[in-house]
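So the chains spell out like this:
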Amino acid sequence: MRSFVLLAAALPLAQSIRIIQSNDDGWAEANLRTFFDVLNSAGHQVVLSGPAENQSGTGSNDAAPKQVDADGCIHASCPGKSPPTGANATDPRLNYVNSFPVTSIKTGIDVTAPKLWNGAKPELALTGPNVGGNVAVQVPFSGTVGAATYAAKTAQIPAIAFSGQTGNPTAWNAPTPLHSKVYADLALNITTTIINSGKPYLPANTYLNVNFPAVTETKCNKPSEFKYIFTRINTGVLSSRDANWCGSTRLPWEADVILLRGSSCYVTISPGDANDKSTVNDAAVQTQIINKLKPLLSCLP
Ligand SMILES: *[C@@H]1O[C@H](CO)[C@@H](O)[C@H](O)[C@H]1NC(C)=O
Ligand SMILES: *[C@@H]1O[C@H](CO)[C@@H](O)[C@H](O)[C@H]1NC(C)=O
Ligand SMILES: *[C@@H]1O[C@H](CO)[C@@H](O)[C@H](O)[C@H]1NC(C)=O
C-alpha cells in the first residue's frame, strides 16, 4: 500500500484523461490549437469542437448549426458552403460547428467525442485561451465563459475558462506566437494541478475563470516567472465573507490583480458559479477549490 502511494506521488505526469476543448474565437485559432497540442503531448485524449467563425461576445447563445457562408470558416480553415459541422480531413479530433460556442461544446460533448471514444463522455471541459481577457464585467458576455458554464451546469462536466490579455486573432497554420505558447503552458499547469487533485475535479455547478496577464518579449514570457492568485470575479463588497486565505476573508478582485498588477506576471484564478457566471460566494466551496489548487497558489505580497 505504502509503496503504491509513493510510486503514484513520484509520477511526473497527470493521469491521462478525456478532455473536450472549445473557444469563441473559432476552431482554427492559434491559442486553442497550441493548447490542443500541449494537452496531447501531456498524454491526454483531446477532442476540439469550436465555432466555424469568430463568435466572440456571444455569451450563452445556442442555435442549430447552419451551412457555412460563401466566405468559408475563419482563417480560410474550411471552404465556403461547407456543411453545418465538419472535421479536419485527416484529424477527426479537430472539429468545427457553424454556430455559437455553447452549441460547439454541446455538439462535442454529446456527439463528436463519444463517437471517437466508444461512447464515453469527456471528464473535463477546457475553453480558450481566449484572445483577450475576460475580467469582471466582461465575463457574462464571453462565449469562452458561456461554453465553460454550459459544460459545468448543463452537461455536469467540470470546466475551466482561460483568457489571455496579449494577442490578435492568429491562424492555426501561421507561426505560433510567443503568447500562445506561454498561455498553453500556463493552462496545462493549472489543468494538471486540477487533475492531480482527484475527482470530482471541481465542486458541482462551479467553473474556474482564469486570466493570464500580458506576455512580452522581455517580461512574463517564461512559465516559471508567473504566480497564480486566487481571486473574485466581482468585488464582493456586499457578499458574505470569503474563505480564509492569505490572511484575509476577502479574496482580491481579479480586475485589480490582472489589470493593475499585470506587469508582476500574476495569473488570476476565480471560482465561478455556473448558474449565473458570478463568483462562488460560499466560503466552504471556495475552500474546497483552494485545497485543490494549493500546490500552485501564491499570496499577493
Ligand atoms: C488538419 O490537420 C492536418 C494534420 O494535422 C493539418 O496539417 C492541417 O493544417 C489541419 N487543418 C485544419 C484546418 O485544421
Ligand atoms: C472576433 O470579433 C471581436 C469583436 O467582435 C474581435 O475583437 C476579435 O478580435 C475577433 N476575433 C477573431 C479571432 O477574429
Ligand atoms: C507550475 O507553476 C508552479 C508555480 O509557479 C511552478 O513552480 C511550476 O514549475 C510550474 N510547472 C510547470 C510545468 O510549468
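Under an unreviewed UniProt entry, the name given to the protein chain is Sure-like protein, and the source organism is Cucurbitaria berberidis CBS 394.84. The UniProt entry for the protein chain carries this comment under Sequence similarities (unreviewed entry): "Belongs to the SurE nucleotidase family."

How would you sum up the overall build of the protein chain? Please name residues and give values.
Helix and strand counts for the protein chain stand at seven helices and 10 strands. Taking 19 Å as the expected radius of gyration for a compact globule of 301 residues, we find that the protein chain reaches 18 Å, a close match to that expectation. Each of the three principal axes of the protein chain carries a C-alpha extent, and together these read 55 × 50 × 40 Å. Burial status across the protein chain gives 56% buried among its 301 residues. Carbon and sulfur atoms form 55% of the exposed surface of the protein chain, whose accessible area is close to 12,700 Å². Side-chain charges in the protein chain split into 22 positive and 20 negative, and the spacing between the mean points of these groups amounts to 7 Å.

Before we move on, could you go through the packing of helix α2 (residues 30-41) against helix α5 (residues 178-196) and cite the residues and values that matter?
At a minimum axis distance of 9 Å, the contact between α2 and α5 shows a crossing angle of 50°. By the angle class used here, α2 and α5 are oblique. Classified by chirality, the crossing of α5 by α2 is right-handed. Residue-level inspection shows Ala 30, Asn 31, Thr 34, Phe 35, Val 38 and Leu 39 of α2 in contact with α5, the latter providing His 179, Ser 180, Lys 181, Tyr 183, Ala 184, Asp 185, Ala 187, Leu 188 and Thr 191. When the residues that make up the contact of α2 with α5 are grouped by side-chain class, the tally is eight nonpolar, five polar and two charged.

I'd love a proper account of the site of ligand 1, names of residues and values included.
The full set of residues close to ligand 1 is Trp 27, Arg 33, Ser 77, Asn 88, Thr 90 and Trp 172. Asn 88 places a polar side-chain atom, nitrogen or oxygen, 2.4 Å from an oxygen atom of ligand 1. A distance of 2.8 Å is found between an oxygen atom of ligand 1 and a side-chain nitrogen or oxygen belonging to Trp 172. The fraction of the free accessible surface of ligand 1 (360 Å²) that becomes covered by protein chains is 57%. Among the residues making up the shell around ligand 1, the classes are represented as two nonpolar, three polar and one charged.

Give a description of the packing of helix α3 (residues 101-116) against helix α4 (residues 143-154) that names residues and reports values.
Between α3 and α4, the least distance of the axes is 8 Å, while the angle of their chain directions is 35°. In this structure, α3 crosses over α4, and the sense of that crossing is right-handed. Here α3 contributes Pro 101, Val 102, Ile 105, Lys 106, Ile 109 and Asp 110 to the contact with α4, which in turn contributes Gly 143, Gly 146, Ala 147, Tyr 150 and Ala 151. Classifying every residue of the contact of α3 with α4 gives seven nonpolar, two polar and two charged.

Mind laying out unusual backbone geometry, listing which residues take part and the relevant values?
Going from Gly 128 to Pro 129, the amide bond is cis rather than trans, its omega being 0°. Among the structural elements, Pro 129 can be located in strand β5 (residues 124-131). The peptide bond linking Lys 199 to Pro 200 adopts the cis configuration, its omega dihedral lying at -10°. On the secondary structure map, Pro 200 appears in the loop between α5 and β7 (206-212). The backbone of Asn 205 shows a phi angle near 65°, a positive value even though the residue is not glycine. Residue class for Asn 205 comes out partly exposed when judged on its relative accessible area of 32%. Residue Cys 220 is not a glycine yet carries a positive backbone phi of 50°. Topologically, Cys 220 is positioned in the loop between β7 and β8 (227-230). On the basis of relative accessible area, Cys 220 is assigned to the buried category, the value being 2%.

Mind laying out the sheet that holds strand β2 (residues 45-51), listing which residues take part and the relevant values?
Taken in spatial order, the 10 strands make up an open sheet running β3-β4-β2-β1-β5-β6-β7-β9-β8-β10, and their pairing is mixed. Looking at which strands have only one partner, the edges of the open sheet turn out to be β3 (85-87) and β10 (297-298). The sheet strands contacting α3 are β1 (18-22), β2, β4 (94-97) and β5, and the helix crosses β2 at an angle near 145°. With respect to the sheet, α4 is in contact with β5, β6 (159-164) and β7, its orientation differing from that of β6 by roughly 170°.

Explain the state of the cysteines residue by residue, including any values.
This structure, assessed with the given rule, holds three disulfides. Residue Cys 220 pairs covalently with Cys 265 via a disulfide, S to S 2.2 Å. Because the sign of the S-S torsion sets the handedness, a value of about -85° for the bond joining Cys 220 and Cys 265 places this disulfide among the left-handed ones. Note that Cys 220 is positioned in the loop between β7 and β8 and Cys 265 in the loop between α6 (254-260) and β9 (266-273), a separation of 45 residues in sequence. Judged on exposure class, the residue Cys 220 and its partner Cys 265 are both buried.

What counts as what
- Residues numbered from 1 in each chain as written.
- Chains lettered and ligands numbered in written order.
- Predicted model: local features only at pLDDT ≥ 70, side-chain atom pairs only at ≥ 80, totals over all residues.
- Heavy atoms only, no water.
- UniProt positions renumbered as here; feature names shortened; annotations may be inferred.
- Helix = DSSP H or I, 4+ residues; strand = E, 2+ residues; numbered from the N terminus.
- Rg over C-alpha atoms; globule rule 2.2 N^0.38 Å.
- Buried < 20%, exposed > 50% of the residue type's maximum accessible area, 1.4 Å probe, protein only.
- Areas by Shrake-Rupley, 256 points an atom, 1.4 Å probe, with all protein chains shown as cover.
- Lys, Arg positive; Asp, Glu negative; His and termini not counted.
- Charge placed at Lys NZ, Arg CZ, Asp CG, Glu CD.
- Axes fitted to C-alpha atoms, helices over the stretch in contact; angles between N-to-C directions.
- Parallel < 35°, antiparallel > 145°, perpendicular 65-115°, else oblique.
- Left-handed = near helix turned anticlockwise from the far one by under 90°.
- Contact = heavy atoms within 4.5 Å.
- Nonpolar A, V, L, I, M, F, W, Y, C, P; charged D, E, K, R; others polar.
- Near = heavy atom within 4 Å.
- Polar contact = N/O pair within 3.5 Å; in protein donor to acceptor, adjacent residues only side chain to side chain.
- Pairing = 2+ DSSP bridges.
- Disulfide = S-S within 2.5 Å.

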